[in-house]
Amino acid sequence: MCSIIGYYGKKNAAPIIVKGLKRMEYRGYDSVGVATESNNQIELKKGIGKVNEVNSKIQLDSLPGKIGIGHTRWATHGKVTDFNAHPHPSNSGKIAIVHNGIIENFEELKKQLQDEGYNFKSETDSEIIANLIQKYYELTGDVKETILKTVSEIKGHYAFVAMFENGQLAAARFHEPLIIGVGQDDFFLSSDVLGFIEYTDNAIYLENGNFVILEENKFQILDYNGEHVKYGITKISKEFGDAYKGDYAHFTLKEIYEQHETILKAGEKTQEAIEKTADYIKHAKNIYVTGSGTSYNAALIAKQIFSKYAKIKAEPIMASELQFSPDSIEENSIIIAVSQSGESADVLDAVKIGKQANCKIIAIVNLLTSSLAREADIVIGMNCGPEIGVAATKSFTSQLVILYKIVQKLSDNTITINFEKFAETILKILENPKKIQEIAKQMKEISDIYVLGRGINYPIAKEAALKLKELTYIHAEGIPGGELKHGPLALMDSNVFVIIINPNDSTYLDTLTSAREIKARGAKIIGVSDIESDVYDYWIEMPKIDQVLYPISEIIPIQFLSYYAALEKDTDPDYPRNLAKSVTVK
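Presented here is an overview of the structure given in this document. (Residues numbered from 1 in each chain as written. Predicted model: local features only at pLDDT ≥ 70, side-chain atom pairs only at ≥ 80, totals over all residues. Heavy atoms only, no water.)

Considerations on the overall build of the protein chain
Stated formally: Secondary structure elements follow DSSP: runs of H or I no shorter than four residues count as helices, runs of E no shorter than two count as strands, and numbering proceeds from the N terminus. Here the radius of gyration uses the C-alpha set of atoms, whereas the globule reference equals 2.2 Å times the residue count to the power 0.38. Residue contacts are counted whenever heavy atoms from the two residues lie within 4.5 Å of one another. We get accessible surface area from the Shrake-Rupley algorithm with a probe of 1.4 Å; when it comes to residues, only the shown protein chains can shield them. The charged-residue count follows a simple rule in which Lys and Arg add positive charge and Asp and Glu add negative charge, with His and chain termini not counted at all. To locate a charge, take atom NZ for lysine, CZ for arginine, CG for aspartate or CD for glutamate.
Scanning the protein chain from terminus to terminus reveals 17 helices and 24 strands. In terms of overall size, the protein chain behaves like a compact globule, its C-alpha atoms giving a radius of gyration of 25 Å where 586 residues would be expected to give roughly 25 Å. Across its three principal axes, the protein chain shows a C-alpha extent of roughly 75 × 55 × 45 Å. Once local pairs closer than 6 in sequence are excluded, the contacts in the protein chain between residues at least 24 apart make up 70%. Carbon and sulfur atoms make up 46% of the accessible area of the protein chain, which amounts to about 22,900 Å² in all. Looking at the protein chain, you have 64 positive and 78 negative side-chain charges, and the mean spots of the two groups are 1 Å apart.

Things to note about the pattern of salt bridges
Filter applied, for reference: Salt bridges are defined as contacts in which a side-chain nitrogen from Lys or Arg sits within 4 Å of a carboxyl oxygen from Asp or Glu. Using a 1.4 Å probe on the protein chains alone, a residue whose accessible area is under 20% of its type maximum counts as buried, one over 50% counts as exposed, and one in between counts as partly exposed.
One pass over the full model with this rule turns up 20 salt bridges. Two residues, E198 and K19, come together in a salt bridge whose shortest N-O distance is 3.4 Å. Taken as a pair, E198 in the loop between β10 (187–190) and β11 (202–205) and K19 in helix α1 (residues 13–23) lie far apart in primary sequence, 179 residues in all. For K135, the salt bridge goes to E116, with nearest N and O atoms at 3.2 Å. Of this pair, K135 sits in helix α4 (residues 127–140) while E116 sits in the loop between α3 (106–115) and α4, and the two are 19 residues apart along the sequence. Since its relative accessible area comes to 14%, K135 is described here as buried. Look at E116 and you get partly exposed, because its relative accessible area is 41%.

Right under this line is the structure:
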């Protein structure tokens, strides 16, 4: 959930680190800090706020030295304060660390270190790493032995980078991402390739239970037994360096507008994997589809389209809940794991449970070098490029397109989708958001929004509600239309807006009846439909298309609505409060 970065080379470290942190800010943006080594001393600056804000105030990028570490924080232990911001120095000030993840036994270790005379300035679990490293370095004088002793003590999921006052860097990974960037005469340590892609496209993906030591312009990778590890260098696609807003005001808006292109690219480079997936599914005992947040909503859509068009039962599973019912996974089944980042802790844990049941793992993921991709038997790439906005937009529609492509194969092409023609339809939706902007202005003062849908439109209602709450901080809830009279109708009055997802399919008339019942209670109705009705106070027109594709097309106007409503409420649509893009902690 946090971003960590380290630099070891011949250039000034601080400007490179600040730039890398800015590109990874989607991972956390409560606070930011940088530490560098210069003349055998560690210099450190940190503060509350986003990278640009803090850098403007205290000039993080002015720190001297050719070696350094940096961090942006998403708070888990302790409030958002200067003291809790990273990097954390050890008591001696001769070591500084940055950390992503959670140390589960930090209270026990903190007490032990306090009893030995160590003081703590922060409320974080991270500071214990700095003092453990100090303790063992003073005992051994050896970085390798120090890291081995430190990782033997800490429990949890983590990645950390430690900098010593003599200029050595050491970093360890356990269930949190950590990547080594290998330049011509410099090295990078980063949570994401975005941290260094501007400088090199050569990457080493550190495996779980491995650590690296950088010194004297070289590095060594070892496991937690102290044995040297063989490694390979991966070439990163330069597309993942294309994380710039261009002429758009926000990344989120840019990513919404990219969807007429990204739906054509979805799964494009992994067609063979899609065909292999369809073959696996045809012979599988059971099919499970798992994800978190937006990806779970994609799993709900998968259930509907697998059943309707391929006559195959697929069970959606919320990844975070599987640990409480692992016996629900039958052996020798298939798990389709859906994740934009491929680093979501809950999804990776669900995959682990599946592998214990001897399940085949199919990953639908954006980054083909992610942890999820490395765990999977088959990997299907979304191929939608970096998604920086914290709220998923283009990755969701890419996930759906891939699921539809799998279903096409399973149905022996009894459904045929012309995605090129569909992309033209999406472009028409994107070309005219003015009416949606006007509706967003009406939502500025409201506190509750309900989104209603039936059948395959209900998961889209859930995804629409998720987008609204993420971007606008308005309470939003997706409601299955048939359940309206079983409770939710009590909430309808003149103070709420209700969005009706109502395309011209088999659910149309029943949903229109529900809209009339809601309107009779005084609520304002926003209709998302390809048919106009006097029931709607506001109508967002959908194009007339094959109803197979309704779910993909009907979410895009809601993405626009969420974005423009966020602007009306003066919230940051790229970086919603309390959220982070890649949820790598539980």
